[in-house]
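Here is what each chain is made of, one letter per residue.
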Amino acid sequence: MKILVFEFATATGVDDPSYIAEGRAMLCGILEDLKNFKTYHLISKDSQIINIQSIPIIVEGNLGEWLKRNIQDYDACLPIAPEENNILHDLTLLIEEQGVIVLGSSSNAVKLTTNKFETYNVLKDRFPIIKTEKIYFQDLDQKYNEYYNPNIDNNLSMVVKPADGVSCLGVMVVNSLNEFMAAQNRIQMLTQLPYSIVQDYIHGISVSVSLLSNGNKAVPLSLNLQNIILDSCDIKYGGGKVPFKHRLSELALETAKNVIESIGGIRGYVGVDMIIDDDKNMVHIVEINSRLTTAYVALRKIINFNLGEAILKTLQGDLPDNVTLNGTINFYKEGKTLRISVLK
């Protein structure tokens, strides 16, 4: 099988710290795992060359146009890309339309999970997903008093974010009218959508669940701690720990499994972000990542099988029946690099 792998930032030359540390680390990890296959990867002429047992293909110009001209030369493709502005969806759809196997979720599943408001609507009646409301930017003057009425001292904390955001970009916790309006103004510069979303702020532990899915059945691999930093109003993602042990671990794993199985077309390695609420003895779903996530970089080092090869098997319907994790790994962002340390 001739496999093409690409990661959006390195394939386009985007030099954005919001993407490049995790993106490059995920690309190197999956290429290392697939080194026994005939694997190619895309690299922009403006990006640093990756020294991995994979054949580099230099890309000049538009990534989508390159794929239209060349993707038919490959049997399968694994895209790593952000959801914002439908980037992942559009690239996935392009690959599908050329008749090439996507080593990941279908474009329909990506489209649904890209928009966090649409995801909320699909899950809200069956799963404990955080209450989410869509707010059109043109209606801000009418809407803000519903949250921050000057005649009511409710000390209400809300999370305001782009509906199609990635890696906590543009996510803010707001506690006042001024903060609410500042957040909305920032989000308008980050999204092409005509609206943002507002969610209840839930106190708890930020975690994610990594899974493998064949589109119908899913197998949880690990519960991961997310290092979410609240800096003034800004929420920032700083890395995490794999695995994370908690008394509600089994509940989190089972909930994530059921959520993934409830949406057709989610395939390969995927993740579900959650908040563990100790006070209410429950987990709250935040969002679904129907793609490779940063935790892959750590998980692949301690799981009892080759995780990249397992993705290929999963796309053929074969899910692992024995998952063992040997050790604990911490990972964190340092500039444009993702650092990894083995804790035990």
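Sequence order as written defines residue numbering, which begins from 1 separately in each chain. With the structure being a predicted model, the display of local features is reserved for residues of pLDDT at least 70 and the display and counting of side-chain atom pairs for 80 or more, all residues being used for whole-chain, interface and lining totals. The basis for every side-chain value is the complete set of heavy atoms in the structure, and neither hydrogens nor water enter the calculation.

### Considerations on the overall build of the protein chain
(1) Moving on: For the protein chain, the count of helices and strands is 11 helices and 16 strands.
(2) Moving on: To get the radius of gyration, use the C-alpha atoms; to get the globule rule, take the number of residues to the power 0.38 and multiply by 2.2 Å. The globule rule puts the C-alpha radius of gyration for 344 residues at 20 Å, and the 20 Å found for the protein chain is close to it.
(3) Moving on: In terms of principal-axis extent, the alpha carbons of the protein chain reach across some 65 × 45 × 35 Å.
(4) Moving on: A 1.4 Å probe rolled over the protein chains alone gives each residue an accessible area, and that area as a share of the maximum for its type sets the label: buried under 20%, exposed over 50%, partly exposed in between. Here the protein chain, with 344 residues, has 55% of them falling under the buried criterion.
(5) Moving on: Every residue pair with non-hydrogen atoms within 4.5 Å of one another is taken to be in contact. Partitioning the intrachain contacts of the protein chain with sequence separation of at least 6 by distance along the chain shows that 65% fall at a separation of at least 24.
(6) Moving on: Entry remark: accessible area of the protein chain is about 15000 Å², with carbon and sulfur atoms responsible for 45%.
(7) Moving on: For the purpose of counting charges, residues Lys and Arg are taken to be positive, whereas Asp and Glu are taken to be negative. His and the chain ends are not included. Here the site of a charge means NZ on Lys, CZ on Arg, CG on Asp, or CD on Glu. If the 32 positive side-chain charges of the protein chain are averaged to one point and the 40 negative ones to another, these points end up 5 Å apart. Here a helix means four or more residues in a row that DSSP labels H or I, a strand means two or more in a row labelled E, and each is numbered from the N terminus. Accessible surface is estimated by sampling points in the Shrake-Rupley manner with a 1.4 Å probe; for residues, cover comes only from the protein chains shown.

### Concerning the pairing of strand 7 (residues 158-162)
(1) Moving on: Across the five residues of strand 7, five count as buried, placing the element largely inside the fold.
(2) Moving on: Sheet topology places strand 7 next to strand 9 (residues 195-200); five bridges connect them, and they run antiparallel. Paired with P162 across the bridge in strand 9 is S196. Criterion used throughout: strands pair if DSSP finds at least two bridges between them.

### Comments concerning the side chain of S210
(1) Moving on: With respect to the helices and strands, S210 occurs in strand 10 (residues 205-214).
(2) Moving on: We classify S210 as buried; its relative accessible area is 1%.
(3) Moving on: A distance of 2.8 Å separates polar atoms of two side chains, one belonging to S210 and the other to Y269. N or O atoms within 3.5 Å of each other form a polar contact, as long as, within protein, one can give a hydrogen and the other can take it, and as long as residues adjacent in sequence are counted only when both atoms are side-chain atoms.

### Topic: helix 11 (residues 307-315)
(1) Moving on: Along helix 11, the residues classified as buried are L307, G308, A310, I311, L312 and T314.
(2) Moving on: Of the residues that open helix 11, the one with a side-chain oxygen 3.1 Å from the backbone nitrogen of G308 is N306.
(3) Moving on: G317 lies just past helix 11 and shows a positive phi near 95°.

### Considerations on the state of the cysteines
(1) Moving on: Note that a disulfide, as used here, is simply two cysteine sulfur atoms within 2.5 Å. Here the structure, examined in full by the defined rule, presents zero disulfides.
(2) Moving on: Lacking any disulfide linkage, C28 is separated from the closest cysteine sulfur, that of C77, by 17 Å.
(3) Moving on: Residue classification places C77 among the buried positions, given a relative accessible area of 0%.

### Some details on the sheet that holds strand 1 (residues 2-7)
(1) Moving on: Spatial ordering of the open sheet is given by 3-2-1-4-5, a layout of five strands whose pairing is parallel. Two strands lie at the open edges of the sheet, namely strand 3 (55-59) and strand 5 (101-102), each paired on one side alone.
(2) Moving on: Across two bridges, the pairing between strand 4 (residues 76-80) and strand 5 is parallel. Among the inter-strand pairings, C77 is bridged to a residue of strand 5, identified as V102.

### Things to note about the packing of aromatic side chains
(1) Moving on: Only Phe, Tyr and Trp rings are paired, with Trp represented by its six-membered ring, and only when their centres lie within 6.5 Å; those with planes under 30 degrees apart are stacked, over 60 edge-to-face, the remainder tilted. Taken as a whole, this structure holds four aromatic pairs when the rule is applied.
(2) Moving on: Both rings, one in F117 and one in Y120, keep their centres 6.4 Å apart while their planes meet at 35°; by these two values the pair is tilted. Here F117 pairs with Y120, and both are found in helix 6 (residues 116-123), just three residues apart, close to one helical turn. Exposure class is identical for F117 and Y120. Each is buried.
(3) Moving on: With a centroid separation of 5.3 Å and an interplanar angle of 70°, the aromatic rings of Y136 and Y195 are classed as edge-to-face. Of the two residues, Y136 sits in strand 6 (residues 132-136) while Y195 sits in strand 9, which places them 59 residues apart along the sequence.

### Section: the environment of Y195
(1) Moving on: Note on Y195: relative accessible area 7%, which makes it buried.
(2) Moving on: Residues within four places of Y195 in sequence aside, it is in contact with N115, K134, I135, Y136, F137 and A163.
(3) Moving on: Here N115 takes part through its side chain, which lies 2.7 Å from a polar atom of the side chain of Y195.

### A short note on the packing of helix 5 (residues 107-114) against helix 6
(1) Moving on: One way to put it is that helix 5 packs onto helix 6 with a least axis distance of 5 Å and a crossing angle of 95°. In terms of orientation, helix 5 lies roughly perpendicular with respect to helix 6. Counting all contacts with helix 5, which are made through L112, T113 and T114, the residues of helix 6 involved are K116, E118, T119 and V122.
(2) Moving on: Its residues assigned to classes, the contact of helix 5 with helix 6 comprises two nonpolar, three polar and two charged. Interaxial angles span 0 to 180 degrees and are taken between N-to-C directions of axes, which are lines fitted to C-alpha atoms, for helices over the stretch in contact. Each angle is binned into one of four classes, with values under 35 degrees roughly parallel, values over 145 roughly antiparallel, values of 65 to 115 roughly perpendicular, and all other values oblique. Classification convention: Asp, Glu, Lys, Arg as charged; Ala, Val, Leu, Ile, Met, Phe, Trp, Tyr, Cys, Pro as nonpolar; all other residues, Gly among them, as polar.

### Some points on the nonpolar core
Nonpolar side chains in soluble globular proteins tend to be buried together.
(1) Moving on: Grouped together as the largest cluster of nonpolar side chains are 38 residues, with contacts concentrated most on I30, L212, L221, Y269 and L307.
(2) Moving on: Going through the elements one at a time, strand 1, helix 2 (17-33), strand 4, strand 11 (218-231), strand 12 (234-242), helix 10 (295-302), helix 11 and strand 15 (329-334) are the ones with two or more residues in this core.
(3) Moving on: With six residues, helix 10 is the largest single contributor of residues to this core.
(4) Moving on: Setting aside residues up to four positions removed in sequence, L221 forms contacts with S210, L211, L212, Y269, L299, I303, F305, L307, V323 and L325.
(5) Moving on: Of all hydrophobic cores here, the second largest spans 30 residues; its members include F117, L123, A218 and I260. Each nonpolar core is a collection of buried residues, namely Ala, Val, Leu, Ile, Met, Phe, Trp, Tyr and Cys, held together in the definition by side-chain atoms within 4.5 Å.

### A short note on the confidence of the model for the protein chain
(1) Moving on: The predictor attaches a confidence to each residue, called pLDDT, with possible values from 0 through 100. Residues at a pLDDT of 70 or more form 93% of the protein chain, whose mean pLDDT is 89.
(2) Moving on: Looking at the elements of the protein chain, mean pLDDT is at its lowest for helix 7 (residues 140-147), recorded as 61, and at its highest for helix 9 (residues 249-261), recorded as 98.

### Overview of helix 8 (residues 177-188)
(1) Moving on: By definition here, a helix of n residues has an expected span of 1.5 Å times n minus one. With 12 residues, helix 8 ought to run about 16 Å at 1.5 Å a step, and its terminal C-alpha atoms sit 17 Å apart, in line with that.
(2) Moving on: All of the buried residues in helix 8 are F180, A183, Q184 and I187. Down the axis, helix 8 shows its buried residues gathered within 100° of arc, on one side only. What the arc describes is the spread of directions from the helix axis to the C-beta atoms.

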